[in-house]
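Descriptive structure summary
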Amino acid sequence: MMANTLFLRFEGPLQAWGNHESKFVVRRTAEAPTKSGVIGLLCAALGIPRSAAAETWLPKLSALKMGVRIDSPGVRWWDYHTVGARIGMRKADGGFKKPESGKETLLTRREYLCDASFLVALQGDATLVTELGTAITNPKWTLYLGRKCCPPSRPLLEHPAGDFPDLLSALQSVPWRKRLKDDPPQETVDCLLDWLPTPQQPVAPTDALVWYDVPLTLDPPSHSPRFVIRRKLRVGTEVSIAEKPAQSETPRPLRLRADYQNTEYKKARATRLRADYGLCVFCKAPATTVQHITYRRAGGGETHDDLRSLCRLCHDAVTMIEYGLDMGLDRINPEDPKWRDEIIQKRGEIICFRSLETRRRRLSPEEVE
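My aim in this report is to walk through the structure given alongside it, one point at a time.

Thresholds, definitions, all that
- Residues numbered from 1 in each chain as written.
- Predicted model: local features only at pLDDT ≥ 70, side-chain atom pairs only at ≥ 80, totals over all residues.
- Heavy atoms only, no water.
- Helix = DSSP H or I, 4+ residues; strand = E, 2+ residues; numbered from the N terminus.
- Buried < 20%, exposed > 50% of the residue type's maximum accessible area, 1.4 Å probe, protein only.
- Contact = heavy atoms within 4.5 Å.
- Areas by Shrake-Rupley, 256 points an atom, 1.4 Å probe, with all protein chains shown as cover.
- Phe/Tyr/Trp six-rings, centres within 6.5 Å; stacked < 30°, edge-to-face > 60°.
- Lys NZ or Arg CZ within 6 Å of the ring centre and 35° of its normal.
- 1 Å grid on protein atoms, 1.4 Å probe; cavity = no way out; pocket = protein on both sides within 12 Å on 5 of 7 lines; lining within 4 Å.
- Points joined across faces, edges and corners; volume = space filled by probe spheres on them.
- Nonpolar A, V, L, I, M, F, W, Y, C, P; charged D, E, K, R; others polar.

1. Looking at the overall build of the protein chain
Looking only at helices and strands, the protein chain has eight helices and twelve strands in total. Evaluated residue by residue, the protein chain yields a buried proportion of 45% over its 369 residues. Within the protein chain, counting contacts between residues at least 6 apart in sequence, those at least 24 apart form 74% of the total. Only carbon and sulfur atoms are counted for the fraction: they give 54% of the accessible area of the protein chain, which is about 19,700 Å².

Rendered as structure tokens:
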């Protein structure tokens, strides 16, 4: 019987799995390998350039179900970088120091996971799994754990492929071991699993996260969201799966976004704007966008009641409140009276800040300094 599950061991001194929150100046890392990072590694093994990946390979690779077992979460480390960018340096008073010859640099910060270990399971078509395993055995290009400065310290194909009915049974089939000899014993480890709707469960569970890491194109990078559920896997002598995740260990929800290029989402957005007569439901100014009040069907499955029409100012105010409260799948309904005062206050803060920034931009460099 051909194997339908490929195992990848990601272990090394440093790893970095950028997500949509990662910017050029401050490059954060996700807590575990992202789907886009794993697919990028597979494309490198196959010798598929970024410009050619979207046509054939990204749809096939994105269709693979992915599960990650966090055998050792590692420690987050910051690294200091300077990059030539031909711009001035920001000073303590908010102004800019003009670039000098040989000093045209940009300061950046990059985050890494130190001494982490992950077991990644990719499940799907057996023929594709076999092809990927062969490619990783003899990769066309160098493979690394998120960034070029992060080589693996153990073989990626440390565990043989196999045939399993689901991701959890696949992940529990591989024995857990300590990353370092001084590591304390573990009774359970976290697993991050793809969640897909079924006839029995068409709506995402309340503890689902949204990871915006399914690549649509690599050049330029563009991603769509996926649902991820966190489950506990017992690693003692009797391997079993905990029914409920430990809520106290669930991390802050990631920033959520819809797939704005999705055709079905565009239709739902246009329908909502027409229903609201093109006006913001909060302040009645011309609406320029829509707000998700829930992300349970984000990515093209939005219903009419999942969206609300908003002007840009109200949209920014509501979004800032949501991020400040670390809200998950269910968000703020701007038509709910209980949020009225808080939205008005946040609108005022944004207007004040933007007015100050406008005045600063009008000053000459000499006046700024």
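From this point, things continue past the structure.
2. Concerning the packing of aromatic side chains
Considering all chains together, one arrives at three aromatic pairs under this definition. Aromatic side chains phenylalanine 7 and phenylalanine 164 sit 5.8 Å apart centroid to centroid with 75° between the ring planes, which places their arrangement in the edge-to-face category. Here phenylalanine 7, found in strand 1 (residues 5–15), pairs with phenylalanine 164, found in the loop between helix 3 (126–137) and helix 4 (167–172); they are 157 residues apart in sequence, far enough to count as distant. On the numbers, 5.3 Å between centres and 20° between planes, the contact of phenylalanine 10 with tryptophan 17 is stacked. Across the pair, tryptophan 17 and phenylalanine 10 agree in class, each one buried. The residue whose ring lies beneath lysine 60 is tryptophan 57, and the NZ or CZ to ring-centre distance is 4.0 Å. Across from the ring centre of tryptophan 78, 4.1 Å away, lies the NZ or CZ of arginine 109, which sits over that ring.

3. Things to note about the side chain of aspartate 316
Assignment of secondary structure puts aspartate 316 in helix 6 (residues 312–324). We classify aspartate 316 as buried; its relative accessible area is 19%. Not counting chain neighbours up to four residues away, the residues in contact with aspartate 316 comprise Ile350 and Arg354.

4. Re empty space enclosed by the protein
For the structure on display, the rule yields one cavity of 30 Å³ or more. In this structure, the largest cavity occupies an estimated 30 Å³ of space. What lines the largest cavity is Pro33, Met66, Val68, Leu192, Trp211, Arg226 and Val228. Those elements giving two or more residues to the lining of the largest cavity turn out to be strand 3 (65–72) and strand 10 (221–234). Its residues placed into classes, the lining of the largest cavity shows six nonpolar, no polar and one charged.

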